[in-house]
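Structural characterization, general
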Amino acid sequence: MFYRPGCQPSRIACPLLVLVCDQDQSALPGPPADAARQAPRGELARMPGGHYEPFLDGHERAADTELAFLFRHLPTDPAPHRPAPGTDGATL
């Protein structure tokens, strides 16, 4: 009841992708679009259609948008795994 993720978007420090469907009548696009604009690292992606469009005909478009976001924000060359100090690196 107290979890309100859109209340303070200016405090969201991580990259944030908000994908809204312009004709969505279940989750109106206005509030999440506003939150994306207020988040320091927010990105807003819009697509036509209703609430389920990203799971139906718009699935490829939504997935492409999400993958592009991840490629922009995830490291492509992660640091090599280093064992914790005092361990030999063996796994159980």
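It should be noted that the structure appears before, not after, this text.
Being a predicted model, the structure only gives us computed values, none of them experimental.

A separate point is the overall build of the chain. Of regular secondary structure, the chain possesses 2 helices and 2 strands. Secondary structure elements of the chain, listed N to C terminal, follow the sequence β-α-β-α. Out of the 92 residues in the chain, the part that is buried amounts to 18%. A sequence separation of at least 24 residues applies to 66% of the contacts in the chain between residues at least 6 apart. For the chain, the exposed area adds up to about 7400 Å²; of that, 58% sits on carbon and sulfur atoms.

As a further point, take helix H1 (residues 30-38). Ala33, Ala35 and Ala36 are the residues of H1 that are buried. Looking down the long axis of H1, one finds its buried residues gathered within 160° of arc, a one-sided arrangement. Relative to its buried face, H1 has exposed residues pointing more than 90 degrees away, namely Pro31 and Arg37. In this structure, the buried side of H1 is in contact with strand E1 (16-21) and strand E2 (42-47).

Counted as a void, the largest pocket has a volume near 300 Å³. Split by residue class, the lining of the largest pocket holds 11 nonpolar, 2 polar and 2 charged.

The next thing to look at is the pairing of E1. Inspection of the sheet shows E1 paired to E2 by 6 bridges, in the parallel sense. The partner of cysteine 21 across the bridge, within E2, is methionine 47. Taking the sense of rotation as the criterion, the β-α-β connection linking E1, H1 and E2 turns out right-handed.

Nonpolar side chains collect at one region of the surface, where Leu67, Leu70, Phe71 and Leu74 lie side by side and expose about 420 Å² of accessible area between them. With respect to the element layout, leucine 67 can be found in helix H2 (residues 59-73). Overall, leucine 67 belongs to the partly exposed group, its relative accessible area being 43%.

Cut-offs used in this document
Residues numbered from 1 in each chain as written. Predicted model: local features only at pLDDT ≥ 70, side-chain atom pairs only at ≥ 80, totals over all residues. Heavy atoms only, no water. Helix = DSSP H or I, 4+ residues; strand = E, 2+ residues; numbered from the N terminus. Buried < 20%, exposed > 50% of the residue type's maximum accessible area, 1.4 Å probe, protein only. Contact = heavy atoms within 4.5 Å. Areas by Shrake-Rupley, 256 points an atom, 1.4 Å probe, with all protein chains shown as cover. Arc of directions from axis to C-beta. 1 Å grid on protein atoms, 1.4 Å probe; cavity = no way out; pocket = protein on both sides within 12 Å on 5 of 7 lines; lining within 4 Å. Points joined across faces, edges and corners; volume = space filled by probe spheres on them. Nonpolar A, V, L, I, M, F, W, Y, C, P; charged D, E, K, R; others polar. Pairing = 2+ DSSP bridges. Right-handed = clockwise from strand over helix to strand, strands pointing away. Patch = residues over 30% accessible without salt bridge, like charges linked within 9 Å, V, L, I, M, F, W, Y side chains within 5 Å. Salt bridge = Lys/Arg side-chain N within 4 Å of Asp/Glu carboxyl O.

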